Amino acid sequence: MRPVILDCDPGIDDALAIFTLLAEPGVAVLGACATVGNVPVDTGYRNLRDLVALCGRSDIPCFRGADLPLVRSYAHDPLIHGENGLGGVEIPQSEAPEQAEHAAVATCRLLREAADPVTWIATGPLTNVALALHLDPSIRERVDRLVVMGGSTARGNVTPAAEFNVWSDAEAWRVALNSGVRITMVGLNVTQQVACNEEDFAEIQRMPGSVAQAAGEMLGYYEGVSLREGWGEAKLHDVVAVLEGVRPGICGTMACHVDVEIGNALGYGQTLVDDRAKLEETNCEVSMAVDAGKVRRAMLSAIASF
Ligand code: RIB
Ligand code: CA
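Residues numbered from 1 in each chain as written. Chains lettered and ligands numbered in written order. Predicted model: local features only at pLDDT ≥ 70, side-chain atom pairs only at ≥ 80, totals over all residues. Heavy atoms only, no water.

### Side note on the overall build of the chain
Then, in step 1: Across its full length, the chain carries eleven helices and nine strands.
Then, in step 2: Against the 2.2 N^0.38 benchmark of 19 Å for 306 residues, the chain shows a C-alpha radius of gyration of 18 Å, consistent with a compact globule.
Then, in step 3: With the C-alpha coordinates of the chain rotated into their principal frame, the extents come out at 50 × 40 × 35 Å.
Then, in step 4: Expressed as a percentage of its 306 residues, the buried residues of the chain come to 57%. (Helix = DSSP H or I, 4+ residues; strand = E, 2+ residues; numbered from the N terminus. Rg over C-alpha atoms; globule rule 2.2 N^0.38 Å. Buried < 20%, exposed > 50% of the residue type's maximum accessible area, 1.4 Å probe, protein only.)

### Describing the pairing of strand 5 (residues 143–149)
Then, in step 1: A large share of strand 5 lies buried, amounting to six of its seven residues.
Then, in step 2: Direction of pairing for strand 4 (residues 118–122) relative to strand 5: parallel, over a ladder of five bridges. Pairing of T119 across the sheet is with R145, part of strand 5.
Then, in step 3: In terms of strand pairing, strand 5 meets strand 6 (residues 183–186) through four bridges, oriented parallel. In the sheet register, V147 faces strand 6, and the bridge partner there is T184. (Pairing = 2+ DSSP bridges.)

### Focus: the nonpolar core
Then, in step 1: With 61 residues, the main nonpolar core has L16, F19, L21, M218, L219 and I303 as its most contacted residues.
Then, in step 2: Broken down by element, the residue count for this core peaks at eight residues, all from helix 1 (residues 12–23).
Then, in step 3: Other than its neighbours up to four places away in sequence, F19 contacts L51, L54, C55, V211, A215, M218, A302, I303 and F306.
Then, in step 4: Residues A106, A132, V175 and V260 belong to the second largest nonpolar core, which totals 38 residues. (Core = buried A, V, L, I, M, F, W, Y, C linked by side-chain atoms within 4.5 Å. Contact = heavy atoms within 4.5 Å.)

### With respect to the pattern of salt bridges
Then, in step 1: Going through the model one piece at a time under the given rule, you end up with 14 salt bridges.
Then, in step 2: Between R182 and D144 there is a salt bridge, with the nearest N and O atoms lying 3.4 Å from each other. Taken together, the positions of R182 in the loop between helix 6 (170–177) and strand 6 and D144 in strand 5 put the pair 38 residues apart, joining distant regions of the chain.
Then, in step 3: We classify D144 as partly exposed; its relative accessible area is 29%.
Then, in step 4: In the salt-bridge network here, residues are joined through shared partners; they are D42, R64 and E98. (Salt bridge = Lys/Arg side-chain N within 4 Å of Asp/Glu carboxyl O.)

This is the structure we're talking about:
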């Protein structure tokens, strides 16, 4: 079994990534954490618990994390994911008890307790990740890979320079990049190649079950916003990162040196990817290609499996 810890900010594409992760055979999800990002952390934590319960997996402990970025301020923008983070879609409330442990503390404990090195997947800002790495830097030895949806080898999506997860807390990315943990970056340069098509939407509409219904309604909202804003089809950013985590190689990667801009207001959150770095200077495997069809098919079969 592949042990996995998820850190996310649900968020519609996070929700689809959670469905994809929980349906993946051979994966043991040790815990799931919510961080501030797409929505305030209390909203994200509620969504995480409810999504996990919707999949029948209330056995997975869910933890509340950071309510603010490390340094910069936070302002919730409901434009893309709606006020409730799930496009206004209502799902049944989880009856599982809330966990008292902070996500960063729980992550350190779960990593120390794990029998084998853990695949740590982050689909939101890295605030919890940075807090955990500061709480106990030795946890990096317990991590097989930290697979992160974030950054870009090209332009951003919040500013011309910055992708949302990095822009939300660039200082946290700096902590992760300097921590020595083995990172795989799944940036916009690959995730923007992956979106559902008409056939996918029709297939989801035909699926029975509450997960498929929720997925179809969330995707419909997400697609509507994306098309209305002129961004094209809604991109499955977080689904790509989760699948790279549990099916290594679905993204073609390259060892690079990556740093992040934190000092310059205009460029804040830009990931500076040096693909010419000497091997000994590299600190990140950067995704350069993705099999978009495989990602879409994996997500559809995951949704159908509940
Ligand atoms: O830029 C895309 C990322 O920002 C995704 O993780 C999405 O959920 C938002 O958090
Ligand atoms: Ca996300």
